[in-house]
Each structure stands twice: as C-alpha cells, then as structure tokens.
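Now for the letters of each chain:
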Amino acid sequence: MASECAISRPTAPVIVRARTRGNRRRRAIALACVLGCILLGVLVAGLAMPDAAYAPDYAQKSLLPSMEHWFGTDYLGRDMFCRTIRGLAISILIGIAASVVSGGIGLVLGSLSAIYGGVIDRTVLWLCDLFMAVPHLVLLILISFALGGGAWGVIVAVAISHWPSLTRLIRAEVLRIRTSDYVHASRAMGKSGTWIAVHHVFPSVMPQFIVGTILLFPHAILHESALTFLGFGLPLDSPAIGAVLSESMKYIVTGAWWLAFFPGLMMVLIVLLVYALGDDVKRLIDPHTAQG
C-alpha cells in the first residue's frame, strides 16, 4: 500500500502542470478568436459601408466628436468614423494580399536555399542582403512609382520588400530539420526526399510560415499608409487611412485635431491587435511554445 502511494504522489504536479497548460491554451484560443472577430468585423463593416455614409454634407462641416459623429467631421462635412472604418478595411485587404504574397516568396526561397544549397543558397542570401540593405521606404517608393501607384503598386511594393527576414527564418528552420535525428532515421529506413519533405519538413516549417506571414501584416498596413500619405500609393481622394492623414495635416493648425487623432489611433490599435493575434497563434501552433 505504501509503495502505491509513493508511486501516485509524483503524478500530482504533473496533473497540475497539465491543467495549467490546458487553461493557457484555452485562454489563447479565446483571445485569438476575439481578436480575429474584431479584425473580421472591421473588414466586413468597411467593405459593406455605402459611399453615402461618408459623403460630403456641407451643413455638417468641421464638427467636433459627438454622439452623432463619433470621430467628428472634416472640412467637407464627411463623417470621420465612417471614413476611418472604410480606410481600415482597405488597409486590411491590401495588408492581407501583400503579406500572403511576401510570405509565399519567403517560404519558397527559404526552402530552396536550405534544400539545394550551393549556388542557389548563395544567390538567395545575396538577394536577402541586397533587399535588406536598401531602406524599406525608399524601396517601397521606387517600386510603387515604377508600377504607377494604386492598390496593385502598393501590394507588389510591400510584397517584394518584406520577404528577406522570413526567408532567413525558413532557411534556418529547414537546415535544422535536415540535420535532426528523425530525418536521418527516415533516410536510413529508405524514405524518399519527397516523403521526408511532406511528413517532416513542411509540418515543422508551417508554424514559422503562418506566424511570420501574420506578423508581416502590420508592416504591410503601416507601409501602405506611409506610401499613400507621401502620395505614392492609393489616390488621395480615396478613404484610405494614409489619404485621410495626409488631408488632415492641412487642417491641424486650425485646431481640427480629431481629423488625424482618431484615424491614427485606430490604425495603431489594428496593428497592435494583429501583433497580439500573431503571438497567440504562435503559442498555439508552434511546437516549441505550445506546451509551455
């Protein structure tokens, strides 16, 4: 009987740790769902918003924030809350497209570099160094200007300029996997390279790819807004956040502080939400942190 008690006692801390990990995982899932719903709600609300919601109304010009106009109105009487939500939806769409394309480039180049090595590896690393040596904003302006601006120019500019960091991360992860014991064991068992890639490499790389792509999203939003603010992105007559902030600069000196404050604050909040969402997703799917 004493021996049975001695055996059962060490299992209590194990149970406590398992329950703690389960609670953390449930909290992470709940938080990720809440953050995802907020972003999805902003996107759907912005895309479904009719143009009449932020149409000019000269009888409502330059009004302070109130219950009727939460973010106030601008010099044309346009509701700033509706313009902000619409602009955030545009930024989210462009950010999703640019980050997915950039993440795909990083996944392909990082995997090829680590798998084949040699000239391909040196070429990919050289390209990474080249793109990282040029200041992001300068490279974004050059690419967007060469493509004529607009949404397409912004997406291509952001996608082309943001892949090097994720490429290096994917390359390092693939190199680590190739030298692991279970890959050596699979080779010794006669498994093909394709089987190893499908069953070992890609499942281990996908967490880094997914989290890296999510964390590229805030950079895409900020750089899209910066390009539009400087006049190299979306048209300034569009309700994009960069265009809204660019217009507001002309009227801040007149005391219309709300024209820049609320759109800028909402953009920062969206960026912070995406960073928090990326951390939660990493905690859920990364094998190195999922059990922590």
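Basis of the calculations
In this numbering scheme, every chain counts its residues from 1 along its sequence in written order. In keeping with the model being predicted, local features are shown solely for residues with a pLDDT of at least 70 and side-chain atom pairs are shown and tallied solely at 80 or more, while totals for entire chains, interfaces and linings include all residues. As a rule here, side-chain values come from all non-hydrogen atoms in the structure, and water together with hydrogens is ignored. Only DSSP runs of H or I with at least four residues qualify as helices, and only runs of E with at least two residues qualify as strands; both kinds are numbered from the N terminus onward. Type-normalised accessible area, obtained with a 1.4 Å probe on protein chains alone, sets the label of each residue: buried when under 20%, exposed when over 50%, and partly exposed for intermediate values. For this analysis, residues touch if any pair of their heavy atoms sits within 4.5 Å. Method for areas: the Shrake-Rupley scheme with a 1.4 Å probe, in which residue coverage is limited to the protein chains shown. Polar contact is the term for a pair of N or O atoms within 3.5 Å; when the atoms are in protein, one must be able to donate a hydrogen and the other to accept it, and sequence-neighboring residues count only if both atoms are side-chain atoms. Here an angle of 0 to 180 degrees is reported between the N-to-C directions of two axes, which are lines fitted to C-alpha atoms, with helices fitted over the stretch in contact. For classification purposes, angles smaller than 35 degrees are called roughly parallel, those larger than 145 roughly antiparallel, those between 65 and 115 roughly perpendicular, and all remaining angles oblique. The crossing is said to be left-handed when, going from far helix to near helix, the turn is anticlockwise and less than a right angle, and right-handed when the turn is clockwise. Under the scheme applied, nonpolar residues are Ala, Val, Leu, Ile, Met, Phe, Trp, Tyr, Cys and Pro; charged residues are Asp, Glu, Lys and Arg; polar residues are all the others, including Gly. Multiply 1.5 Å by the residue count of a helix minus one, and that product is the helix's expected span. Each patch is assembled from residues with relative accessible area greater than 30% and no salt bridge, linking like charges that lie within 9 Å and nonpolar side chains (Val, Leu, Ile, Met, Phe, Trp, Tyr) that lie within 5 Å. Within this document, salt bridges are pairs made up of a side-chain nitrogen of Lys or Arg and a carboxyl oxygen of Asp or Glu, the two lying within 4 Å of each other. At any given residue, the bend is defined as the angle formed between two axes, one fitted to the seven residues that end at that position and one fitted to the seven that begin there. Aromatic contacts are taken between Phe, Tyr and Trp rings whose centres are within 6.5 Å, Trp giving its six-membered ring; a plane angle under 30 degrees counts as stacked, one over 60 as edge-to-face, and the others as tilted. In these notes, a set of buried Ala, Val, Leu, Ile, Met, Phe, Trp, Tyr and Cys residues joined through side-chain atoms within 4.5 Å is what counts as a nonpolar core.

**Some thoughts on the overall build of the protein**
The secondary structure content of the protein amounts to 11 helices and 0 strands. The order of α-helices and β-strands along the protein, N terminus first, is α-α-α-α-α-α-α-α-α-α-α. Here the protein holds 292 residues, and 44% of them are scored as buried. Looking at the protein alone, contacts between residues at least 24 apart form 69% of all its contacts between residues at least 6 apart. Carbon and sulfur atoms make up 71% of the accessible area of the protein, which totals about 15300 Å².

**Here we look at the side chain of Ser-161**
Mapped onto the secondary structure, Ser-161 falls in helix H6 (residues 150-161). On the basis of relative accessible area, Ser-161 is assigned to the buried category, the value being 1%. At 2.8 Å, the side chain of Ser-161 and the backbone oxygen of Ala-157 are in polar contact. Beyond its immediate sequence surroundings of up to four residues, Ser-161 is in contact with His-136, Leu-139 and Leu-140.

**Digging into the packing of helix H7 (residues 164-178) against helix H9 (residues 193-230)**
To characterise two packed helices, one gives the angle between the axes of the helices and the distance between these axes. Here H7 crosses H9 at 160 degrees, and the two axes come no closer than 10 Å. In terms of their interaxial angle, H7 and H9 are classed as roughly antiparallel. The crossing of H7 and H9 is right-handed. For the pair formed by H7 and H9, the contact residues are Leu-166, Leu-169, Ile-170, Glu-173, Val-174 and Ile-177 on the first element and His-200, Val-201, Ser-204, Val-205, Gln-208, Phe-209, Gly-212, Thr-213 and Leu-216 on the second. A per-class count over the contact of H7 with H9 returns 9 nonpolar, 5 polar and 1 charged.

**Comments concerning H6**
In this model H6 runs 17 Å from its N-terminal to its C-terminal C-alpha over 12 residues, within 8% of the 16 Å that 1.5 Å per residue would give. For H6, the tally of buried residues reaches 9 of 12 residues, placing the bulk of the element in the interior. Of the residues making up H6, those classed as buried are Gly-150, Gly-153, Val-154, Ile-155, Val-156, Ala-157, Val-158, Ala-159 and Ser-161. Buried residues belonging to H6 abut helix H3 (80-116), helix H5 (136-146), H7 and H9.

**Description of the environment of Val-158**
Its location among the elements puts Val-158 in helix H6. Residues Val-158 and Ile-221, 63 residues apart in the sequence, show an inter-C-alpha distance of 9.2 Å. Apart from the residues lying within four places of it in its own chain, the contact partners of Val-158 are Ala-98, Leu-140, Ala-220 and His-223.

**A short note on a nonpolar patch on the surface**
A cluster of nonpolar side chains, namely Leu-64, Trp-257, Phe-261, Leu-265, Val-268, Leu-269, Leu-272 and Tyr-275, defines an oily patch on the protein surface of about 740 Å² accessible area. Position of Phe-261 among the secondary structure elements: in helix H11 (residues 258-285). Judged by relative accessible area, Phe-261 falls into the partly exposed class, the value being 43%.

**Some remarks on H9**
Helix length check: H9 (38 residues) gives 49 Å between terminal C-alpha atoms against 56 Å at 1.5 Å per residue, more than 12% under. At Phe-202, H9 shows its strongest bend, of approximately 40 degrees, with the proline Pro-203 following within four residues. Positive phi shows up at Gly-231, right after H9, with a value of about 95 degrees.

**Looking at the packing of aromatic side chains**
Applying the stated rule across the entire model yields 10 aromatic pairs. Between Trp-257 and Phe-261, the aromatic rings sit 6.0 Å apart at their centres with planes inclined by 70 degrees, giving edge-to-face as the arrangement. A residue is classified by how much of its surface remains accessible, and Trp-257, at 44% relative accessible area, is partly exposed.

**Details of the nonpolar core**
Leu-88, Met-267, Ile-270, Val-274 and Leu-277 are the most contacted members of the largest nonpolar core, which has 32 residues in total. Looking at this core, the elements with two or more residues in it are helix H2 (11-48), H3, H9, helix H10 (241-248) and H11. Looking at this core element by element, the count peaks at 10 residues for H11. Counting residues in each nonpolar core, the second largest holds 20 residues, with Ala-98, Ala-157, Ala-220 and Ala-240 among its members.

**Digging into the packing of H3 against H9**
Following both chains from N to C, one finds H3 and H9 inclined at 135 degrees, their axes separated by 7 Å at the closest point. In this view, H3 runs oblique relative to H9, as classed from their interaxial angle. Where H3 crosses over H9, the two elements pack in a sense that is right-handed. Where H3 approaches H9, its residues Ser-91, Ile-92, Ile-94, Gly-95, Ile-96, Ala-98, Ser-99, Val-100, Ser-102, Gly-103, Gly-104 and Leu-107 are matched on the opposing element by Val-205, Phe-209, Thr-213, Leu-216, Phe-217, Ala-220, Ile-221, Glu-224 and Ser-225. Each residue belonging to the contact of H3 with H9 can be placed in one class, and the counts come to 12 nonpolar, 8 polar and 1 charged.

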